[in-house]
Amino acid sequence: MQQTKEHKLAEIQKKMMLVAIIDLPGTLLLAVGLYGIVVGYRLEALPMLDNPNVLYVMMAVGASIMLWGLVSMFRLARIKQQIEHDDS
């Protein structure tokens, strides 16, 4: 029984790591969008970052990815906690 419990915990830890990796681009998109709105970009190489609509879309996509990551992490943490407290 202990072997399966440790195996389940290891699987959940892998899933949590995958969610964290997938969540990273969302955080970057939100940060770049916020920076563009607050400070502004004056780059000749990337003129699309001067468009506020592009920045708002970047922020919306980034926030959506981050929200998915938050919900997934809470769900996995709850499952992990249930497994840890079962058969204690």
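Rules used in this analysis
- Residues numbered from 1 in each chain as written.
- Predicted model: local features only at pLDDT ≥ 70, side-chain atom pairs only at ≥ 80, totals over all residues.
- Heavy atoms only, no water.
- Helix = DSSP H or I, 4+ residues; strand = E, 2+ residues; numbered from the N terminus.
- Buried < 20%, exposed > 50% of the residue type's maximum accessible area, 1.4 Å probe, protein only.
- Lys, Arg positive; Asp, Glu negative; His and termini not counted.
- Salt bridge = Lys/Arg side-chain N within 4 Å of Asp/Glu carboxyl O.
- Contact = heavy atoms within 4.5 Å.

**Student:** Could you clarify how one ought to interpret the side chain of Asp-23 in this entry?
**Tutor:** For Asp-23, the position within the fold is in helix 1 (residues 2–38). Buried and without a salt bridge, Asp-23 has Arg-75 as its closest oppositely charged side chain, separated by 13 Å. If we skip the residues at most four places from it in the chain, Asp-23 touches Ile-65, Met-66 and Gly-69.

**Student:** It is not clear to me how the environment of Ile-21 should be interpreted in this structure. Could you clarify?
**Tutor:** Here Ile-21 shows up in helix 1. Overall, the relative accessible area of 54% leaves Ile-21 in the exposed class. Spatially, the C-alpha atom of Ile-21 lies 9.4 Å from that of Gly-69, the residues being 48 residues apart in sequence.

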